[in-house]
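Per-entry structural report
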Amino acid sequence: MDEFLTILFDFLPPESIRFVVPFMKIIILLFALILGAAFLVFFERKVIAFMHQRIGPNRVGPKGWFQPFADVIKLFIKEVIVPSNADRFLFLTAPLLSLIPALAAWAVIPLNETFIIADIDAGILYLLALTSFSVYGVSLAGWASNSKYAFLGAMRSAAQMVAYEIAMGFALVGVLMAGGSLNLGDIVAAQSGGVLHWFWIPLFPLFFDKSHCVSSCGRDAQNIAKTQFGF
């Protein structure tokens, strides 16, 4: 991918190519992520409609395939409603604390041997750090709304998210030990050679341990929320 983009922008000065190539990779990745998320929502709506014995989205485009684009346009032109007593700056900043880190986390994920935006040694630590920012976005949104109900709901959501992050973090410890590196590219390379070389065989017991930890952590989070906040 780097060689292809370098040849494509060969007419630019060498100093500019160093910035243009990563920028183009970011644009390609963002386009794929946003488009993938839009159509995953479309498929989810179709599956839920089938479960409810409904048709689902079928008006916009052939068989409703253009519905995700219509939803995006609607979201862009929709009125932004801010509660009258809310802190406007923090209320509008809160979604960015959840969205931007979620997209930035993909920078260290190797999609193939050549397509990776930032090949850093501590890729998993970077991934864990950015995915944890969503907790702050939810908490800040509830607090900035200046509503007790929104704040209590945000605290409960934050408690559940932290509980699940603990279980996911413990599951990654086994992957780090098996791969012997914090670099995601090295971990992927350590599993090369076919399905029997993947880590799912030696780390299969972690599946049961993680399931038990997720369920127990979720119950603990709900019990803490009921005790502290009364819901």
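Residues numbered from 1 in each chain as written. Predicted model: local features only at pLDDT ≥ 70, side-chain atom pairs only at ≥ 80, totals over all residues. Heavy atoms only, no water.

1. Points about the overall build of the protein chain
Across its full length, the protein chain carries nine helices and zero strands. Helices and strands in the protein chain line up, N terminus first, as α-α-α-α-α-α-α-α-α. Across the 231 residues that make up the protein chain, the buried fraction comes to 24%. Of all intrachain contacts in the protein chain linking residues separated by at least 6 positions in sequence, the fraction that spans at least 24 positions is 56%. Counting only carbon and sulfur atoms, one obtains 70% of the accessible surface of the protein chain, whose full area is about 15800 Å². (Helix = DSSP H or I, 4+ residues; strand = E, 2+ residues; numbered from the N terminus. Buried < 20%, exposed > 50% of the residue type's maximum accessible area, 1.4 Å probe, protein only. Contact = heavy atoms within 4.5 Å. Areas by Shrake-Rupley, 256 points an atom, 1.4 Å probe, with all protein chains shown as cover.)

2. Considering the packing of helix 6 (residues 133-144) against helix 7 (residues 148-179)
Across the interface, helix 6 lies against helix 7 with an axial gap of 7 Å and an inter-helix angle of 170°. The angle between helix 6 and helix 7 falls in the class roughly antiparallel. Counting all contacts with helix 6, which are made through Ser134, Val135, Val138, Ser139, Gly142 and Trp143, the residues of helix 7 involved are Ala150, Phe151, Ala154, Met155, Ser157, Ala158, Met161, Val162 and Glu165. (Axes fitted to C-alpha atoms, helices over the stretch in contact; angles between N-to-C directions. Parallel < 35°, antiparallel > 145°, perpendicular 65-115°, else oblique.)

3. Considering the packing of aromatic side chains
Using the criterion set out here, one finds seven aromatic pairs in the structure. Residues Phe39 and Trp65 carry aromatic rings whose centres are separated by 6.1 Å and whose planes lie at 40° to one another, so their mutual orientation is tilted. Placement of Phe39 in helix 2 (residues 14-51) and of Trp65 in the loop between helix 2 and helix 3 (67-77) is noted, with a sequence separation of 26 residues between them. Here Phe39 falls in the buried class, since its relative accessible area comes to 17%. (Phe/Tyr/Trp six-rings, centres within 6.5 Å; stacked < 30°, edge-to-face > 60°.)

4. Observations concerning helix 6
In a regular helix each residue adds 1.5 Å, so 12 residues correspond to 16 Å; helix 6 covers 16 Å between its end C-alpha atoms and thus fits that length. Among all positions of helix 6, only Ser134, Val135, Gly137, Ser139, Leu140, Gly142 and Ala144 are buried. On its buried face, helix 6 sits against helix 4 (88-104), helix 5 (123-131) and helix 7. Count one or two residues on from helix 6 and you reach Asn146, which has phi positive near 60°. (Expected span 1.5 Å × (residues − 1).)

5. Observations concerning the nonpolar core
Grouped together as the largest cluster of nonpolar side chains are six residues: Val108, Ile124, Leu184, Ile187, Phe199 and Leu203. Core analysis: the next-biggest nonpolar cluster, separate from the first, contains five residues, Leu5, Phe9, Val20 and Val21 among them. (Core = buried A, V, L, I, M, F, W, Y, C linked by side-chain atoms within 4.5 Å.)

6. Considerations on the packing of helix 2 against helix 3
Contact geometry for helix 2 and helix 3: axes closest at 9 Å, N-to-C directions at 115°. On the basis of their axis angle, the class for helix 2 and helix 3 is roughly perpendicular. In this structure, helix 2 meets helix 3 at a crossing whose hand is right-handed. Of helix 3, the residues touching helix 2 (which contributes Leu35, Ala38, Phe39, Phe42 and Arg45) are Gln67, Pro68, Phe69 and Asp71. Considering only residue class, the contact of helix 2 with helix 3 consists of six nonpolar, one polar and two charged. (Left-handed = near helix turned anticlockwise from the far one by under 90°. Nonpolar A, V, L, I, M, F, W, Y, C, P; charged D, E, K, R; others polar.)

7. Some details on a nonpolar patch on the surface
A contiguous nonpolar patch, built from Leu40, Phe43, Val60, Trp65, Phe66 and Phe69 and spanning about 580 Å² of accessible area, is present on the exposed surface. Locating Phe43 in the fold gives a position in helix 2. Its relative accessible area of 39% is what places Phe43 among the partly exposed residues. (Patch = residues over 30% accessible without salt bridge, like charges linked within 9 Å, V, L, I, M, F, W, Y side chains within 5 Å. Salt bridge = Lys/Arg side-chain N within 4 Å of Asp/Glu carboxyl O.)

8. Notes on the pattern of salt bridges
Enumeration according to the criterion identifies one salt bridge in this entry. A salt bridge links Asp71 to Arg45, with the shortest nitrogen-to-oxygen separation between them at 3.0 Å. Of this pair, Asp71 sits in helix 3 while Arg45 sits in helix 2, and the two are 26 residues apart along the sequence. With relative accessibility at 35%, the residue Arg45 sits in the partly exposed group.

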